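# Commentary on secondary and tertiary structure
Here is how the chains run, residue by residue.
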Amino acid sequence: PLLSSSSNSSSTELMLINLTISEIVRSGLTENQRVEFVNITNAFRSPGLFDAEFYLIVGEACDKTCDTLSRSSLLYDQVSDHILFQVGNGNFTSRLRSNAEQCGKVCNQFERSKVENVIFTNDPTRHPSMNPSMSAWPTSQPS
């Protein structure tokens, strides 16, 4: 089944996972990079296991031509390495548990969860912009 039977609970749980992914990714970005979009595309729970698939878009302001970024996978490598590092050192689990605690009773099953793995299934897609608007980007990163 897709998460729990209560649609209210499912929505809250998806927001918890989304928030946690966003925070983890954001913690590894520079001032010229930002999380633009996280979408949980599938989420399944079975006894002792929660599995979520997500789509992530991260943006980076580029130089005058964007030529370097359009041919590079450095941002993808940076983000995927950072996520894996956060899983390995336990920070992803800590962040999920902390967010679950703040969420309240509807998220209490995540308070004892452990993030064990992240698998990257798609190659990066690049969409360079000649005129990125940095003014629309947040000046500080919430924690």
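Heads up: the structure comes first, above all this text.
For the structure given in this document, a descriptive report is provided here. (Residues numbered from 1 in each chain as written. Predicted model: local features only at pLDDT ≥ 70, side-chain atom pairs only at ≥ 80, totals over all residues. Heavy atoms only, no water.)

## Topic: the packing of aromatic side chains
For the structure shown, the criterion picks out two aromatic pairs. Geometrically, the ring pair formed by Phe37 and Tyr55 is edge-to-face, given 6.3 Å between the ring centres and 70° between the ring planes. Highlighted residues: Phe37 in strand S1 (residues 33–46) and Tyr55 in strand S2 (residues 49–60), separated in sequence by 18 residues. Residue classification places Phe37 among the partly exposed positions, given a relative accessible area of 39%. Ring plane angle 70° and centroid distance 6.4 Å describe the contact between Tyr76 and Phe120, whose orientation is recorded as edge-to-face. (Phe/Tyr/Trp six-rings, centres within 6.5 Å; stacked < 30°, edge-to-face > 60°. Helix = DSSP H or I, 4+ residues; strand = E, 2+ residues; numbered from the N terminus. Buried < 20%, exposed > 50% of the residue type's maximum accessible area, 1.4 Å probe, protein only.)

## Describing the nonpolar core
Counting residues in each nonpolar core, the largest one holds 21 residues, and the members touching the most others are Ile21, Val25 and Phe92. At the level of elements, helix H1 (7–26), S1, helix H3 (74–88) and helix H4 (91–103) are the ones that each hand at least two residues to this core. Residue contributions to this core peak at five residues, all from H1. For Ile21, the residues in contact, after removing those within four places along its chain, are Val38, Ile40, Phe54 and Phe92. (Core = buried A, V, L, I, M, F, W, Y, C linked by side-chain atoms within 4.5 Å. Contact = heavy atoms within 4.5 Å.)

## Focus on the pattern of salt bridges
For the structure shown, the criterion picks out two salt bridges. A salt bridge links Glu23 to Arg95, with the nearest nitrogen and oxygen atoms 3.3 Å apart. Taken together, the positions of Glu23 in helix H1 and Arg95 in helix H4 put the pair 72 residues apart, joining distant regions of the chain. Judged by its relative accessible area of 29%, Arg95 is partly exposed. Between Glu36 and Arg34 there is a salt bridge; the shortest N-O distance is 3.7 Å. On the accessibility criterion, Glu36 (42% relative accessible area) is partly exposed. (Salt bridge = Lys/Arg side-chain N within 4 Å of Asp/Glu carboxyl O.)

## Focus on the state of the cysteines
Two cysteines joined by a covalent bond between their sulfur atoms form a disulfide. Applying the stated criterion across every chain yields a total of one disulfide. Put simply, Cys103 and Cys107 are joined by a disulfide, and their sulfur atoms are 2.0 Å apart. In this structure the cystine formed by Cys103 and Cys107 twists about its S-S bond by roughly 45°; its chirality is therefore right-handed. A relative accessible area of 30% means that Cys103 is categorised as partly exposed. (Disulfide = S-S within 2.5 Å.)

## Comments concerning the side chain of Ser113
Secondary-structure assignment places Ser113 in the segment after H4. Side-chain polar atoms of Ser113 contact the backbone oxygen of Gln109, separated by 3.2 Å. With near-sequence residues (within four places) excluded, Ser113 lies in contact with Thr93, Leu96 and Arg97. (Polar contact = N/O pair within 3.5 Å; in protein donor to acceptor, adjacent residues only side chain to side chain.)

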